[in-house]
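The residues making up each chain are set out below.
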Amino acid sequence: MIQSEKDFIDWIDGQLIEDIPAQIVAFNINIYESPFIIEIVGSSEFAPRARS
């Protein structure tokens, strides 16, 4: 169970230990509260936003 920042970092490290396909250039992390779910989505596209 994730109860601290360290738990979260350890969990993410464990999830991303697998080989990541070369076409994946960015990740999005979605966190839902009810029920508690964390979803990691890889994307082959990334367009950074311009900062004002």
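Residues numbered from 1 in each chain as written. Predicted model: local features only at pLDDT ≥ 70, side-chain atom pairs only at ≥ 80, totals over all residues. Heavy atoms only, no water.

Engineer: Where do I start with the overall build of the protein in this structure?
Structural biologist: Looking only at helices and strands, the protein has 1 helix and 2 strands in total. Listed N to C, the secondary structure of the protein is α-β-β in terms of helices and strands. Taken against the 2.2 N^0.38 rule, which gives 10 Å for 52 residues, the C-alpha radius of gyration of the protein at 14 Å runs more than 25% over that of a compact globule. In terms of overall dimensions, the protein has C-alpha extents of about 35 × 30 × 20 Å along its principal axes. Scored against the burial criterion, the 52 residues of the protein give a buried share of 8%. For the protein, the exposed surface amounts to about 5,000 Å²; the carbon and sulfur share of it is 52%. (Helix = DSSP H or I, 4+ residues; strand = E, 2+ residues; numbered from the N terminus. Rg over C-alpha atoms; globule rule 2.2 N^0.38 Å. Buried < 20%, exposed > 50% of the residue type's maximum accessible area, 1.4 Å probe, protein only. Areas by Shrake-Rupley, 256 points an atom, 1.4 Å probe, with all protein chains shown as cover.)

Engineer: Would you mind showing me how to read the packing of aromatic side chains here?
Structural biologist: Aromatic ring pairs are reported here in terms of the distance separating the ring centres and the angle at which the planes meet. Within this structure, the stated rule accounts for 1 aromatic pair. Measuring from ring centre to ring centre gives 6.4 Å for phenylalanine 8 and tryptophan 11, while their planes differ by 25°; the resulting arrangement is stacked. One end of the pair is phenylalanine 8 and the other is tryptophan 11, both in helix H1 (residues 5-15) and 3 residues apart, which spans about a single turn. Judged by its relative accessible area of 24%, phenylalanine 8 is partly exposed. Owing to a relative accessible area of 26%, tryptophan 11 belongs among the partly exposed residues under this scheme. (Phe/Tyr/Trp six-rings, centres within 6.5 Å; stacked < 30°, edge-to-face > 60°.)

Engineer: I keep staring at a nonpolar patch on the surface and nothing clicks. Help me out?
Structural biologist: On the surface, Leu16, Ile20 and Phe27 cluster together into a nonpolar patch covering about 250 Å² of accessible area. Among the structural elements, isoleucine 20 can be located in the loop between H1 and strand S1 (26-33). (Patch = residues over 30% accessible without salt bridge, like charges linked within 9 Å, V, L, I, M, F, W, Y side chains within 5 Å. Salt bridge = Lys/Arg side-chain N within 4 Å of Asp/Glu carboxyl O.)

Engineer: Would you take a moment to explain the pairing of strand S2 (residues 36-43) for this structure?
Structural biologist: Successive side chains on a regular strand alternate, one facing one side of the sheet and the next facing the other. When S1 meets S2, the two strands line up antiparallel, connected through 8 bridges. Pairing of isoleucine 29 across the sheet is with isoleucine 40, part of S2. Hairpin connection between S1 and S2: a loop of 2 residues separates the two successive antiparallel strands. (Pairing = 2+ DSSP bridges.)

Engineer: What should I look at first to understand the environment of valine 25 in this one?
Structural biologist: Here valine 25 is to be found in the loop between H1 and S1. The residues touching valine 25, leaving out its near neighbours within four places in the chain, are Ser43, Ser44, Glu45 and Phe46. (Contact = heavy atoms within 4.5 Å.)

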